[in-house]
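# Survey of secondary and tertiary structure
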Amino acid sequence: MARAMTQIGSWREWRFWSGWIGFVACVFVATAWLKSGGAGPVPAHGAESPAFVGSASCAGCHAAQTADWAGSHHAHAMDHARPATMRGDFSGRSVEQAGMTARLFREGEAYRVELPGADGGLAAFTIDYSLGWEPLQQYLVTFPDGRIQTLPFAWDTRPAAEGGQRWFLVYGEEPIAPSDSRYWTRLQQNWNHMCAECHTTDLSKGYQPASDSFRTRWSELGVGCEACHGPAGSHLAWAKSGADRAAPLKGFASVAASRPAADWTPDPRTGSPAAGVARPAGDEVETCARCHSRRGQIGSDWRPGRPIADTHSPVPLAAGLFEDDGQMKDEVFNDHAFKQSLMYAKGVVCSDCHQPHSGKLRADGSAVCGQCHQPERFAAVAHTGHAPGPDAPDCIGCHMPARTYMQIDRRHDHSFRIPRPDLTAAFGVPNTCGACHADKPATWAAEAVERWHGPVRKGFQTYAEAFHRSRGGDPAARASLQRLAVDGAAPALARATAIDELAAWPAAASIAATDAGLSDTDPLVRAAALRALEGSDRARRRAALPLLSDPVRLVRIAAAFLLADWPADDLTPAQAEARLGALAEQEAAFAIDLDRPETRANRALLRLKQGRGSEAETEYRAALALDPAAGAIAAQLADLYRRSGREGDAEQVLRAAVACDPASSAAQHALGLSLIRQKRPQEALEALARAARAEPGNARFAFVYGVALRSLGQPEEASRILREAALRHPADVDLATVQLQEAMQRRDRAGAAEWVRRLVALRPDDQRFRDLAGRLTP
């Protein structure tokens, strides 16, 4: 929802015009005052907290940086609705797309929009803020309960010749009903949670659980100086005091860690720098990662110099978000891609390529690469395989493949990977050659690359096959994932993802690789290893006890959640104190996002581990109040009721969720199970069938439906459903076991041998399958 911030002009030449800079600074001060909004939101922190003084206070001493920043996307990340900031056409024109119509107009000084509201009926709303600058601008409406929602229509700010200067629906052509959580007045389009932290400075979300309302506060709209540098009140006092100018912090509480001096001089033998530099924890990349990554928030006390995992929880390279080779797929921004790159491993930081205050590239196009790589070497036909000329590909075109988000926002992948059309041919991942040669098969491009560079050209990201095979149910993935999980040379994100993937491939070696992650140097890997221990035996979980005192918050709270049910009498006093502190941090992390149903559900799970069942029920109820259609959460609450013998309450909850969203497979499946327990088999079968049809990718739903069919006297239909499901889900042990049983019942020795071989591959440490394989295999 929050857009990536691309580059616009920084007016760097103004640095030579001191008078002009002074003028810009004066104009900026007035603009910043308007953005702070006199009667608008107050600073997020109280008097005892570090003082935020606003970007206008920086302009007097930092005029050049101010001039650069004033033209940046950071400065325009959000603003009040006023003529200087509103780029859309509010002349009263109407727009219609995907069944939704809106009219955008002025009413006196106000910017207004008329479109379907929360109930689907036409209503008029006042627009309070603009969000973003280029290539699109969104608009925000404030509701009486403090919710700020993004309108579904955005303005395309590109020139008309490029297809811009028009209103368009950010959803695309998909109709979104008012009951859908993605509808503009609902949960997934809520600015307070989805956008605010990265479009304001010094944000306090201010959610009020008792009234389900917001009192969101900030010190400044847009990404101001203090959004990256931290509160500057003490720095300002230091500057005015004439204190030691060599002081390392210059009055700030903390600063981003600086790397050692880097020498990026190209090695004549390779055309690229010979060596990198060590990367300190909490460097500037972690500052940028706070907003340029896909992550959740676990702390509201971010300051420069802290690792991102101290205040946020980055996602792994999960399927659906990333391609199997780690390329960006969903809207994941740039940090994850960059941290998979060889550049990141060598110590490159964002400001090596981007000017830190304007956001512009330090040189145009591929010239930015020429800062470290010999242009004459890499522009040559021997490297590119293409004749020089205006249509020849450049560094960016080949090594930073682009993807379009929000209909028109084209963003480049920052993993700086070598083109691998061979991986497209083998595993279906995108490759940059296809951007220009869409009419040619990937094998054609792969053969060309091999002619130019030979067969050994694997690049830095070497895990496409492991993730692809794992997600496709191929047991051959197991060994590759085990190696990747402990490969210190691989990106930490890849190691963490390998641990997540190994959960589907149990074996002694998988356990060893996962447990090794507990001592990994990277906190994302340690946190993944802790997640993998959920449900494991006590001996394995004991190894997690030291991580209650980990130096990074993400790891501490993961350990606290895992060990919340660990017996208190089996903890040393130091361990008990560490768990108490880590659980308090987990509770504080939950408190940030109590407006989200998933947070309420996670808090319910913690309450269950703590033996506080009634509080867990309260949390589940609160989650469903926030999103009545959350079928998976309804299923969890129904299971809680099942365990306490309240089957009638379970059915009631599930039917309410189904009424809100009949396509909810989780609610339908859980309803079917509840009806089975209530001895209402025909109703149960219908619900289980709906679940299996709604989500054919869920092996468990198909298995339970097939077993129910068999139990209710429909063996032929059951066999068909289970056989088809086993083919769709080749890694599912339950489905494979059913096929083995059916083959043995048919006295099909060859078929049984084939299925037992699959089961041995799926569960190599299960002696039962190995023994049976020995009896069935000649």
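Scroll up to find the structure this text is about.
Notes on the structure follow.

Analysis parameters
Residues numbered from 1 in each chain as written. Predicted model: local features only at pLDDT ≥ 70, side-chain atom pairs only at ≥ 80, totals over all residues. Heavy atoms only, no water. Axes fitted to C-alpha atoms, helices over the stretch in contact; angles between N-to-C directions. Helix = DSSP H or I, 4+ residues; strand = E, 2+ residues; numbered from the N terminus. Parallel < 35°, antiparallel > 145°, perpendicular 65-115°, else oblique. Left-handed = near helix turned anticlockwise from the far one by under 90°. Contact = heavy atoms within 4.5 Å. Nonpolar A, V, L, I, M, F, W, Y, C, P; charged D, E, K, R; others polar. Salt bridge = Lys/Arg side-chain N within 4 Å of Asp/Glu carboxyl O. Buried < 20%, exposed > 50% of the residue type's maximum accessible area, 1.4 Å probe, protein only. Expected span 1.5 Å × (residues − 1). Core = buried A, V, L, I, M, F, W, Y, C linked by side-chain atoms within 4.5 Å. Disulfide = S-S within 2.5 Å. Phe/Tyr/Trp six-rings, centres within 6.5 Å; stacked < 30°, edge-to-face > 60°. Lys NZ or Arg CZ within 6 Å of the ring centre and 35° of its normal. Polar contact = N/O pair within 3.5 Å; in protein donor to acceptor, adjacent residues only side chain to side chain.

This next bit is on the packing of helix α15 (residues 464-471) against helix α16 (residues 477-485). For the pair α15 and α16, the least separation of the axes is 9 Å and the interaxial angle reads 135 degrees. Put simply, α15 runs oblique to α16. Seen along the crossing, α15 lies across α16 with a hand that is left-handed. Residues A466, F467, R469 and S470 of α15 pack against A477, S480, L481 and L484 of α16. In terms of residue class, the contact of α15 with α16 is built from five nonpolar, two polar and one charged.

Our focus in this paragraph is the pattern of salt bridges. As enumerated under the stated definition, the model contains 67 salt bridges in all. Across the salt bridge formed by D570 and R542, the nearest N and O atoms sit 2.7 Å from each other. Taken together, the positions of D570 in the loop between α21 (553-562) and α22 (573-592) and R542 in helix α20 (residues 538-542) put the pair 28 residues apart, joining distant regions of the chain. For D570, a relative accessible area of 22% gives the class partly exposed. Judged by its relative accessible area of 39%, R542 is partly exposed.

In this section: helix α27 (residues 665-677). Between its first and last C-alpha atoms α27 spans 19 Å; for 13 residues at 1.5 Å apiece the expected length is 18 Å, and the two agree. Three or more residues of α27 are buried, namely S665, A667, Q668, H669, A670, L671, G672, S674 and L675. Where the residues of α27 are buried, they touch α25 (631-643), α26 (647-660), α28 (681-694) and α29 (699-711). Positive backbone phi, approximately 60 degrees, marks K679, located one or two places after α27.

Here the focus is the nonpolar core. Formed by 118 residues in total, the largest nonpolar core has its most connected members in I127, W184 and L530. Per element, the largest residue contribution to this core is eight residues, and it comes from α21.

In the structure shown here, the tally under the stated rule is one disulfide. Linked covalently through their sulfurs, C198 and C291 form a disulfide whose S-S length is 2.2 Å. The S-S bond linking C198 to C291 shows a torsion near -95 degrees; that makes this disulfide left-handed. With a gap of 93 residues between them, C198 in the loop between α3 (191-194) and β10 (200-201) and C291 in the loop between α6 (284-289) and β14 (295-297) connect regions that are remote in the sequence.

What follows is about the packing of helix α19 (residues 523-532) against α21. For the pair α19 and α21, interaxial distance at closest approach is 9 Å and the crossing angle is 5 degrees. Accordingly, the angle class assigned to the pair α19 and α21 is roughly parallel. Contact with α19, carried on its side by P523, L524, R526, A527 and L530, involves L554, V555, A558, A559 and L562 of α21 and no other residues of that element.

With that out of the way, let us pick up the packing of aromatic side chains. Counted by the stated rule, this structure contains 14 aromatic pairs. Summarising the aromatic geometry, the rings of F125 and F143 are spaced 5.8 Å apart at their centres and angled 55 degrees between planes, so their arrangement reads as tilted. Highlighted residues: F125 in strand β5 (residues 122-131) and F143 in the loop between β6 (136-142) and β7 (148-150), separated in sequence by 18 residues. Under the relative-accessibility criterion, F125 is labelled buried at 12%. Under the relative-accessibility criterion, F143 is labelled partly exposed at 22%. Of the aromatic side chains, those joined through ring pairs into one cluster are F90, Y111, Y139, W155 and W167. Taking the ring centre of W444 as reference, the NZ or CZ of K440 above it sits at 5.3 Å. In this structure, R538 is placed above the aromatic ring of W566, and the distance from its NZ or CZ to the ring centre is 4.9 Å.

All right, on to the side chain of E501 then. Counting through the fold element by element, E501 comes out in helix α17 (residues 492-502). When its relative accessible area of 15% is taken as the criterion, E501 is described as buried. Looking at E501, its side chain comes within polar contact range of the side chain of S470, at 2.6 Å. Side-chain polar atoms of E501 contact the side chain of R471, separated by 2.8 Å. Sequence-distant contacts of E501, defined by excluding residues within four places in its chain, comprise F467, S470, R471 and L481.

Looking at where G117 falls in the secondary structure, it is placed in the loop between β4 (110-116) and β5. On the basis of relative accessibility, which here comes to 3%, the residue G117 falls in the buried class. It is 58 Å that separates the C-alpha atoms of G117 and T265, two residues lying 148 residues apart in sequence. Not counting chain neighbours up to four residues away, the residues in contact with G117 comprise F125, Y183, W184 and T185.

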